[in-house]
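# Working through the structure, step by step
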Amino acid sequence: MKNNRSDFPIFSHSISRKPLYYCDNASTTHKPQQMLDALYAFYATYNSNVHRGVHAFGETTTEHYEHARTSVANFINADSSEIIFTSGCTESINAVATSWGRTVLRPGDEVVVSQLEHHSNFLPWQQLIHTNGIVLRSIPVLPDGTLDMAVAHSLITSKTKLLAITHVSNAIGTHVDLMPLITQAHAVGARVLVDVAQSIAHQRIDVQALDADFLAFSGHKLCGPTGIGVLFIKKELHEVMPPYKYGGGMVFEVGQVDATWLQAPQKFEAGTPPIAQAIGLGAAITYLLEHINFDELQQYEARLCARLIDGLHELQGVRILGPLDALKKNGHLVSFVLDRIHAHDVAAYLGQRNIVVRAGHHCAQPLAQALGYDASVRASFYFYNTIEDVDALLEALRELIQAI
Ligand code: PMP
């Protein structure tokens, strides 16, 4: 697979001019020149606010902003009105919990999550225990880091009002088999939110095929800028959901004590939106569609994972987390723990060699508790990674372990 590294300025500006072994793509991805050019063109040539000015600049900006919305909609097979721009995946999920959750959920209603969730798909629902009296159920993980599907099926009942589930775990890379869970949730009348923060950059996502009611992700994990997120809300839910923030750009009419709202998406986008970031995300999606074959990408990343897993197996005192056979087929990240060296020390040591990995609980403490580790080292790949990145990482680990 072509690695397209020459499109990414960061690789020619790496720290101290040393090669950069960037293996932290689950945190954020690098930015291609084409995306940076789109940001520059906005600020340098037509910068203005959206939906307001009747001047030509305002119209151009609005056209680009709405074009970005259409690009996102096409990318996930949604309608443009179903795409809400937020500041990130975290805000997208919080928006659903605040607007839909607080309005619709009653004491005793159940929300089902899983032990794989990132905190941003756990804490907003946990808060509803206190505000709405809901019951939060969590699908447990098995020791290999997959979900216990038998328990999952027993947790989704007529009391379930929402299944809020990750597609791919950011901490250990597990892919969740979504369809049986979504089908069951819909059969009991529940809504479904899918957190695709970790899958959207690595495989094609189709909201209609998934039949998700809500879908959330961040732009910065797929070559877009920070500060932009996407919330897909199925059209049939637009009426029942009140705005989750209030201000300019979203009202139809304002009276002394009440107001009426524009239709979605404006209803959910009070205030000046992240205009440059949305345009940047649109450009990032265009870049990916023009340069990346997603089927090849998944196989390529899995090969990098397989090489890393096999290499780690040869080292002393390394526990690799997650479903290893599956990661070798479809993974983009590998998480591991060294017996005698804390994950933070490992990451710091690697960092000195310009090998960038992430260490910690990866904002998934319930998972770390369930699997019995407090911090892991995580290497995560994208199309611009190469076998040299994996080998540099393995070589550095080998030396570190020998030195201890
Ligand atoms: N969900 C998952 C699975 C994630 O990996 C992340 C980011 N690590 C988030 C949600 C939150 O994304 P953000 O911090 O960009 O809002």
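Residues numbered from 1 in each chain as written. Predicted model: local features only at pLDDT ≥ 70, side-chain atom pairs only at ≥ 80, totals over all residues. Heavy atoms only, no water.

## Some thoughts on the site of the ligand
Neighbouring residues of the ligand: Cys 89, Thr 90, His 118, Ser 120, Thr 166, Asn 170, Asp 195, Ala 197, Gln 198, Ser 218, His 220 and Lys 221. Ser 218 is positioned such that a nitrogen or oxygen atom in its side chain is 2.6 Å from an oxygen atom of the ligand. His 220 places a polar side-chain atom, nitrogen or oxygen, 2.8 Å from an oxygen atom of the ligand. Within the complex, the protein chains bury 85% of what would otherwise be the 400 Å² of accessible surface of the ligand. Judged by the proximity of its atoms to the pocket grid, the ligand belongs to the largest pocket. The residue inventory of the shell around the ligand, partitioned by class, reads 2 nonpolar, 8 polar and 2 charged. (Near = heavy atom within 4 Å. Polar contact = N/O pair within 3.5 Å; in protein donor to acceptor, adjacent residues only side chain to side chain. Areas by Shrake-Rupley, 256 points an atom, 1.4 Å probe, with all protein chains shown as cover. 1 Å grid on protein atoms, 1.4 Å probe; cavity = no way out; pocket = protein on both sides within 12 Å on 5 of 7 lines; lining within 4 Å. Sits in = over half its atoms within 2 Å of the grid points. Nonpolar A, V, L, I, M, F, W, Y, C, P; charged D, E, K, R; others polar.)

## Notes on the nonpolar core
Counting 76 residues, the largest nonpolar core has Ile 76, Phe 85, Leu 215 and Phe 383 as the members making the most contacts within it. Counting residues per element, this core draws most heavily on helix α8 (residues 275-291), at 10 residues. When residues of this core are assigned to domains, at least three fall in each of domain 1 (5-28 + 293-403) and domain 2 (35-289). In this structure, Phe 85 is in contact with Tyr 65, Ala 68, Arg 69, Val 72, Ile 228, Gly 229, Val 230, Glu 269, Ala 278 and Leu 281, ignoring residues within four places of it in sequence. (Core = buried A, V, L, I, M, F, W, Y, C linked by side-chain atoms within 4.5 Å. Buried < 20%, exposed > 50% of the residue type's maximum accessible area, 1.4 Å probe, protein only. Helix = DSSP H or I, 4+ residues; strand = E, 2+ residues; numbered from the N terminus. Domains from an automatic or database assignment. Contact = heavy atoms within 4.5 Å.)

## Here we look at the pattern of salt bridges
What the rule picks out here adds up to 16 salt bridges. Salt-bridge contacts for Arg 307 lead to Asp 391; the nearest nitrogen and oxygen are separated by 2.9 Å. Of this pair, Arg 307 sits in helix α9 (residues 294-313) while Asp 391 sits in helix α13 (residues 387-403); the two residues are 84 residues apart in sequence, bridging distant segments of the chain. Linked through salt bridges whose partners overlap, the residues forming this network are Arg 191, Asp 211, Asp 213, Lys 234 and Glu 236. (Salt bridge = Lys/Arg side-chain N within 4 Å of Asp/Glu carboxyl O.)

## A short note on the pairing of strand β2 (residues 83-86)
Because side chains alternate across β2, one face comprises the buried residues Ile 83 and Phe 85, and the other comprises Ile 84 and Thr 86, equally buried. In this sheet, strand β8 (residues 229-233) lies alongside β2 in antiparallel orientation, the contact comprising 4 bridges. Pairing of Ile 83 across the sheet is with Phe 232, part of β8. (Pairing = 2+ DSSP bridges.)

## A word on the packing of aromatic side chains
Counting across every chain of the model gives 15 aromatic pairs. When the ring of Phe 8 is compared with that of Tyr 287, the centres are 6.0 Å apart and the planes differ by 85°; the resulting orientation is edge-to-face. Note that Phe 8 is positioned in the segment before β1 (21-22) and Tyr 287 in helix α8, a separation of 279 residues in sequence. Here Phe 8 matches Tyr 287 in class, with each residue buried. The interplanar angle of 35° and the centroid separation of 6.5 Å between the aromatic rings of Tyr 287 and Phe 383 together place this pair among those described as tilted. Separated by 96 residues along the polypeptide, Tyr 287 in helix α8 and Phe 383 in the loop between β15 (376-380) and α13 bring together distant segments of the chain. Classification of Phe 383 as buried rests on a relative accessible area of 0%. Among the aromatic residues, those joined into a ring-pair cluster are Phe 8, Phe 11, Tyr 287, Tyr 382, Phe 383 and Tyr 384. The ring of Phe 11 carries the charged tip of Arg 5 above its face, separated from the ring centre by 4.1 Å. Its end group placed over the ring of Phe 294, Arg 204 keeps NZ or CZ at 5.9 Å from the ring centre. (Phe/Tyr/Trp six-rings, centres within 6.5 Å; stacked < 30°, edge-to-face > 60°. Lys NZ or Arg CZ within 6 Å of the ring centre and 35° of its normal.)

## Details of the packing of α9 against α13
Working note: a packed helix pair is described by the angle between its axes plus the distance between those axes. Taken N-terminus to C-terminus, the directions of α9 and α13 make an angle of 20°; their axes are 10 Å apart at the nearest point. Taken together, α9 and α13 sit at an angle that is classed as roughly parallel. As for how α9 packs across α13, the hand of that crossing is right-handed. Judged by residue contacts, Tyr 300, Leu 304, Arg 307, Leu 308, Gly 311 and Leu 312 of α9 engage Ile 387, Val 390, Asp 391, Leu 393, Leu 394 and Leu 397 from α13. Tallied by class, the residues present in the contact of α9 with α13 amount to 9 nonpolar, 1 polar and 2 charged. (Axes fitted to C-alpha atoms, helices over the stretch in contact; angles between N-to-C directions. Parallel < 35°, antiparallel > 145°, perpendicular 65-115°, else oblique. Left-handed = near helix turned anticlockwise from the far one by under 90°.)

## Notes on unusual backbone geometry
Here the residue pair Ala 264 and Pro 265 is connected by a cis peptide bond, since its omega of 10° sits within 30 degrees of zero. Relative to the assigned elements, Pro 265 resides in the loop between β10 (259-261) and α8. In this structure, Asn 77 takes a positive phi of about 60° despite not being glycine. If you trace the backbone, Asn 77 turns up in the loop between α2 (56-75) and β2. For His 362, which is not a glycine, the phi torsion comes out positive at approximately 60°. Relative to the assigned elements, His 362 resides in the loop between β14 (358-360) and α12 (365-371). Judged by relative accessible area, His 362 falls into the buried class, the value being 8%.

## Looking at the domain arrangement of the protein
Domain assignment breaks the protein into domain 1 (5-28 + 293-403) and domain 2 (35-289). Domain 1 puts 32 residues into the contact, and the matching count from domain 2 is 34 residues. The junction of domain 1 with domain 2 conceals about 2600 Å² of combined surface from both sides, 61% of it contributed by carbon and sulfur atoms. Sorting the residues of domain 1 by area buried against domain 2 places Phe 294, Leu 367 and Tyr 382 first, and these three jointly supply 23% of that buried surface. Seen at the junction of domain 1 and domain 2, the total is 0 salt bridges. Counting the contacts that link domain 1 with domain 2 gives 18 residue pairs in polar contact (both at pLDDT 80 or more). Elements with a minimum of two residues in the side of domain 1 that touches domain 2: α9, α10 (324-330), β12 (333-338) and α12. Among the elements that line the side of domain 1 that touches domain 2, the one with the most residues is α12, at 5 residues. (Buried area = accessible area lost by both parts, 1.4 Å probe.)

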